[in-house]
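# Remarks on the overall topology
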Amino acid sequence: MNKRLQITGISVAIAALLAVLGLVFPNSALGKIVGTINASYVSAALRFTVPIGFAALGGIFAEKSGVINIGLEGHLIISAFTGVAVANALAGSGSATQTTLWLGFLAAVLASALLALLFAIVCIEFKADQIIAGLAVWLIALGLAPFASKILWGGINSPSVGTLSNWRIPLLAKIPVVGPILFDANPTVYMLLVAVPLTWFVLNETAFGRWVKASGENPMALDTVGVDVQRVRYASVLLSGILAGIGGAGLSLGQAGLFNGSGTTMVDGRGWIGITAYLFGNYNPLGAFGASFLFASLDALQLRLQQVGFSVPNELIGIIPYVTVIIVLVFVGHTRTPDAAGEPYESGEE
């Protein structure tokens with residue numbers, strides 16, 4: 001049994017022990033925590049996973065190809081804002097319909113993809129420092145979205161446009177416990193549950209996936225066999241923008257129904273946690289999803305605890321994902337980044 005399996009087994013055993021203690025002592029703080037965990041809690045955790053999970057999947061594509069996209073937070077911000085802005089504009093003075101919400105959703109993904117294209121041109125064509133360019137994407141989005149909100153709505157917060165309706169699967173939704181979680185969910189949750197195994201399949205079972213990996217590990221070898229490294233990297237960065245765009249639109253149109261531009265905006269660090277998630281999962285989409293769900297579960301838990309009168313500071317919850325990944329990496333070993341990640345490449349280089 002390797003270290004990862006050992007740690008997983010120990011973690012499950014500790015969680016089971018804590019759950020039993022919580023049931024035995026229902027009036028204790030631990031009992032309150034256990035009492036909040038039910039089907040509704042898991043459903044909320046899955047919804048909270050959407051922006052983090054899609055950002056993580058996008059980051060995997062970009063970084064596996066050799067382009068470090070730390071601007072994922074900016075992609076989430078731009079797509080969250082664009083989705084609400086377009087849906088609100090199409091609705092006019094009336095209420096937004098599901099059709100206008102979906103059109104806003106598509107516009108959000110397109111906006112994120114265009115931002116990714118700009119980032120790709122700067123980093124691949126002009127060989128700019130990828131870290132600096134990624135930070136620029138985030139800072140531009142962080143300033144542009146609230147500024148545009150003031151122009152459109154007179155303040156940094158948008159009016160409510162509503163959310164995408166849940167997709168309920170008849171009969172299956174009535175299955176105890178599992179039904180309400182998996183078969184009566186927001187469409188963005190279904191998208192994520194499909195995107196995770198699909199991303200794994202593309203990266204591991206297709207020629208494009210092999211090109212992406214080679215582009216990040218040994219671009220010269222890929223170039224030697226006649227595959228255009230720059231095209232592979234462009235495609236990978238565009239995919240990262242599209243996936244992050246789905247996450248941002250899922251946050252504003254799938255959950256909140258509006259855009260909040262105060263502070264670090266409603267995105268509130270989810271893009272950075274997405275980066276942590278795929279590092280936690282060692283660039284494996286399945287592991288990245290598990291880490292994203294873990295972090296989202298912590299967020300959902302602190303909201304539940306506040307509802308039952310067990311207040312936990314948001315600042316404390318906010319640092320848990322980062323502390324957790326450091327602890328795991330200490331026991332499991334460091335995450336191995338692609339050898340050529342962050343390095344520009346031009347065909348014909350020696």
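In the block above lies the structure referred to throughout.
Structural notes, computed from the coordinates. Just so it is clear, the model here is predicted, and its values are computed rather than measured.

### A look at the overall build of the chain
In terms of regular secondary structure, the chain is built from 14 helices and 2 strands. Pairs at least 24 apart in sequence give 75% of the contacts found in the chain among residues at least 6 apart. With an accessible surface of roughly 16300 Å², the chain has 69% of that area assigned to carbon and sulfur atoms.

### So, helix H6 (residues 130–153)
The end-to-end C-alpha distance of H6 is 34 Å, a good match for the 34 Å that 24 residues give at a rise of 1.5 Å each. Within H6, the full set of buried residues consists of Gln-130, Ala-133, Gly-134, Val-137, Ala-141, Ala-145, Pro-146, Ala-148 and Ser-149. Just downstream of H6 lies Gly-154, where phi reads positive at about 80 degrees.

### Describing the packing of aromatic side chains
Applying the stated criterion across every chain, the model contains 9 aromatic pairs. Taken together, a centroid distance of 5.5 Å and an interplanar angle of 45 degrees make the contact between Tyr-278 and Tyr-283 tilted. Tyr-283 sits in the buried class, given a relative accessible area of 5%. One aromatic cluster is present, built from ring pairs that chain together Trp-102, Phe-105, Trp-167 and Tyr-190.

### Considerations on the packing of helix H4 (residues 72–91) against H6
The angle between the axes and the distance between the axes are what describe a pair of packed helices. Put simply, H4 and H6 touch, their axes get as near as 7 Å, and they point 20 degrees apart. Between H4 and H6, the interaxial angle falls into the category roughly parallel. Both H4 and H6 take part in a crossing whose hand is left-handed. In this structure, H4 contributes Glu-73, Gly-74, His-75, Ile-77, Ile-78, Phe-81, Val-84, Ala-85 and Asn-88 to the contact, and H6 contributes Val-137, Trp-138, Ala-141, Leu-142, Leu-144, Ala-145, Ala-148, Ser-149, Leu-152 and Trp-153. Taken together, the residues that form the contact of H4 with H6 break down as 14 nonpolar, 4 polar and 1 charged.

### Some details on unusual backbone geometry
Unusually for a residue other than glycine, Asp-268 sits at a positive phi of about 50 degrees. On the secondary structure map, Asp-268 appears in the loop between helix H11 (229–256) and helix H12 (270–280). For Asp-268, a relative accessible area of 53% gives the class exposed. One non-glycine residue with positive phi stands out, namely Tyr-283, at about 65 degrees.

### Looking at the side chain of Ser-240
Summarising the element assignment, Ser-240 is placed in helix H11. Taking the relative accessible area as the measure of exposure, Ser-240 reaches 0% and is therefore buried.

Quick notes on the rules
- Residues numbered from 1 in each chain as written.
- Predicted model: local features only at pLDDT ≥ 70, side-chain atom pairs only at ≥ 80, totals over all residues.
- Heavy atoms only, no water.
- Helix = DSSP H or I, 4+ residues; strand = E, 2+ residues; numbered from the N terminus.
- Contact = heavy atoms within 4.5 Å.
- Areas by Shrake-Rupley, 256 points an atom, 1.4 Å probe, with all protein chains shown as cover.
- Expected span 1.5 Å × (residues − 1).
- Buried < 20%, exposed > 50% of the residue type's maximum accessible area, 1.4 Å probe, protein only.
- Phe/Tyr/Trp six-rings, centres within 6.5 Å; stacked < 30°, edge-to-face > 60°.
- Axes fitted to C-alpha atoms, helices over the stretch in contact; angles between N-to-C directions.
- Parallel < 35°, antiparallel > 145°, perpendicular 65-115°, else oblique.
- Left-handed = near helix turned anticlockwise from the far one by under 90°.
- Nonpolar A, V, L, I, M, F, W, Y, C, P; charged D, E, K, R; others polar.

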